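# Structural overview for review
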Amino acid sequence: SSRKRDALIFYMRTIYPAIKIISTVFLFCNSLITFSQTRKPEKDITQAMNNEYPLLKEKNSINKKIPGQYEKQVLYALSYFPELAQTKIWFKIKKSKGGIIATRPTVGSIFRPSSKRSYIVIINDSIGGRRLPTFSNSGVNGQVGILGHEFCHIIYFQNKTGFGLMGIALGHVSRKYMDRFENKTDSMDIERGLGYQLIDWNLYLEKGFRPLLPPGAPNPFEKTGTRERYMSVDHIRRVMAQSALYQ
């Protein structure tokens, strides 16, 4: 009937758009609230990680492929990055003599909108002849710290276009660029609340690399002149001391 048709037209022109606007505003406000819920820094997250695991598995495992042995660490680290809740991230264990952990966009998603992009976190594990420290041998606290560092990379990548990501890849040939890039990433990790965990990771690396250094060689985990790629433990502690988050 014409009355039903008029009612439907009224709904589609007036009520339905209003509902869409209200829903959009609600979702936007909810995302702001979620993002603002910065976790309080903890010196050791082991107990909290185990206690919160059931809830975090339900909340943070969407669009994630996580190896079972690192599931708790990954889910807990993700709780410091609520804006990555829907992001597609694949964690892959790779047998390798070099590297420890690295993150990059998947090749096929580089030129997609950031909301549709996916990422891979490669965790290099033990293989015959490997001398470098491995992610698996670090304590849980340190593992969460370096995972936070990798998630900071993803946050940074999310704000770049495909051509911007290509620029970052080209920047890897510059030592000066990479020093700034990784140092800034450590700073972001600290401000997310993972400063104590980043300290534990650096202490683990320092202990693992020390036997590999020739006698009298400078400590690569201390600032040399004006160069510093990853923050030294002393630098991390100075940044924490100046941050209201750690007071």
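Overview of the structure. Because the structure is a prediction, the values reported are computed rather than measured.

Rules used throughout
- Residues numbered from 1 in each chain as written.
- Predicted model: local features only at pLDDT ≥ 70, side-chain atom pairs only at ≥ 80, totals over all residues.
- Heavy atoms only, no water.
- Buried < 20%, exposed > 50% of the residue type's maximum accessible area, 1.4 Å probe, protein only.
- Helix = DSSP H or I, 4+ residues; strand = E, 2+ residues; numbered from the N terminus.
- Contact = heavy atoms within 4.5 Å.
- Core = buried A, V, L, I, M, F, W, Y, C linked by side-chain atoms within 4.5 Å.
- Salt bridge = Lys/Arg side-chain N within 4 Å of Asp/Glu carboxyl O.

In terms of residue burial, helix α3 (residues 71-78) counts as a mostly covered element, since 7 of its 8 residues are buried. For α3, every residue scored as buried is listed here: Glu71, Gln73, Val74, Leu75, Tyr76, Ala77 and Leu78. In the core, the buried residues of α3 are packed alongside α2 (46-60), β1 (64-65), β2 (88-95) and α4 (140-158).

What follows concerns the nonpolar core. Across soluble globular proteins, you tend to see nonpolar side chains buried next to one another. Among the nonpolar cores identified, the biggest contains 38 residues, and Tyr76, Phe81, Ile101, Phe135, Leu147 and Phe151 are the most heavily contacted of them. Looking at this core, the elements with two or more residues in it are α2, α3, β2, β4 (118-125), α4, α5 (162-171) and α6 (175-209). Per-element accounting of this core gives the leading share, 8 residues, to α4. For phenylalanine 81, the contacting residues outside a window of four places in its chain are Gly148, Phe151, Cys152, Ile155, Asp189, Arg192 and Leu194. Counting 9 residues, the second largest nonpolar core, distinct from the first, contains Val233, Ile236, Val239 and Tyr246.

In this section: the pattern of salt bridges. Going through the model one piece at a time under the given rule, you end up with 5 salt bridges. The partner of arginine 39 in a salt bridge is glutamate 52, and the shortest N-O contact between them spans 2.8 Å. Placement of the pair is arginine 39 in the loop between α1 (2-36) and α2 and glutamate 52 in helix α2, with a sequence separation of 13 residues. You can call glutamate 52 partly exposed: its relative accessible area is 24%. For glutamate 71, the salt bridge identified is with lysine 57, shortest N-O distance 2.7 Å.

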